[in-house]
Amino acid sequence: MRFLALSLLVCLAGCTPGADIISRYDDWTGFNEFYTPEHEIFRDRKANMVVRPVMIERGGTRAYGVLTNIRRRIPNGPIVEAMYSGNVRLQYQRHDRLLTHCIDGCQRAEVGVIHLTEAAFRTAARTGLPLRVQGRRGRYEGVVPGMLFQQVLSSPG
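Bear in mind that the values here come from a model prediction, so they are computed numbers and not experimental data.

Participant: What's the story with the confidence of the model for the protein in this structure? I'm lost.
Facilitator: Interpretation of the predicted coordinates at a detailed level should be avoided for regions scoring low in pLDDT. Of the residues in the protein, 83% have a pLDDT of 70 or more, and the chain-wide mean is 84. Within the protein, helix H2 (residues 118-127) carries the highest mean pLDDT (97), whereas helix H1 (residues 2-14) carries the lowest (37). Contacts for the low-pLDDT stretch residues 1-18, under 50 throughout, to residues beyond four places or in other chains number two contacts.

Structure representation (structure tokens):
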């Protein structure tokens, strides 16, 4: 009986919302990074998109953004041309196009970051961040939940 109760407690503790902030210190660059695990905001039979809000700090200066990973399940990889929130074009920077990203099956992917100001990041923590991605090989829409931004802002950084 105790084993069953302990097992249940461990399972419930693992599912506790808000306990999923990943923090990492890079001793070579001196950067502290705080981000959430990947969160899926779009999926259809051709593609899916996952995001993770991130805060990076060094020497009292902070930068904010949303890491993106768009994967296509069909032969041609994604090519992102622009990202919008409402009618506002976001500052998106592609980091890489991966020919084989083997999570959830092997797919072609584009990974990048949306740069945000601190004010925009804090607003997204209250309202969420609607995203509309326009690409040469598809369009994707989703909302990054405000809860993810809140978790990053409440990290010990």
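Participant: What should I look at first to understand the pattern of salt bridges in this one?
Facilitator: When the charged atoms of two side chains with opposite charge come close together, those side chains can pair. Per the counting criterion, the structure on display carries five salt bridges. In this structure, the salt-bridge partner of Glu 40 is Arg 43, at a minimum N-O distance of 2.7 Å. You can call Arg 43 partly exposed: its relative accessible area is 41%. For Arg 122, the salt bridge identified is with Glu 118, shortest N-O distance 3.0 Å. Within this pair, Arg 122 and its partner Glu 118 are both found in helix H2, separated by four residues, close to a single helical turn.

Participant: Help me understand the packing of aromatic side chains, please; the structure alone is not making it clear to me.
Facilitator: Summed over the entire model, instances satisfying the criterion amount to three aromatic pairs. Pairing Phe 42 with Tyr 140 gives two aromatic rings, centres 5.3 Å apart and planes at 70 degrees, and the pair type is edge-to-face. Residue Phe 42 is located in strand E3 (residues 39-43), and its partner Tyr 140 is located in strand E11 (residues 138-144); the two are separated by 98 residues in the primary sequence. Overall, Tyr 140 belongs to the buried group, its relative accessible area being 4%. Between Tyr 64 and Phe 121, the ring centres sit 5.0 Å apart and the planes meet at 45 degrees, which makes this aromatic pair tilted. A residue pair is termed long-range when its members are at least 10 positions apart, and Tyr 64 in strand E5 (residues 61-72) and Phe 121 in helix H2 qualify at 57 residues. By way of ring pairs, the aromatic residues Tyr 64, Phe 121 and Phe 149 are connected into one cluster. Directly above the ring of Phe 31 sits Arg 58, whose terminal nitrogen or CZ lies 4.3 Å from the centroid.

Thresholds, definitions, all that
Residues numbered from 1 in each chain as written. Predicted model: local features only at pLDDT ≥ 70, side-chain atom pairs only at ≥ 80, totals over all residues. Heavy atoms only, no water. pLDDT = per-residue confidence, 0-100. Helix = DSSP H or I, 4+ residues; strand = E, 2+ residues; numbered from the N terminus. Contact = heavy atoms within 4.5 Å. Salt bridge = Lys/Arg side-chain N within 4 Å of Asp/Glu carboxyl O. Buried < 20%, exposed > 50% of the residue type's maximum accessible area, 1.4 Å probe, protein only. Phe/Tyr/Trp six-rings, centres within 6.5 Å; stacked < 30°, edge-to-face > 60°. Lys NZ or Arg CZ within 6 Å of the ring centre and 35° of its normal.

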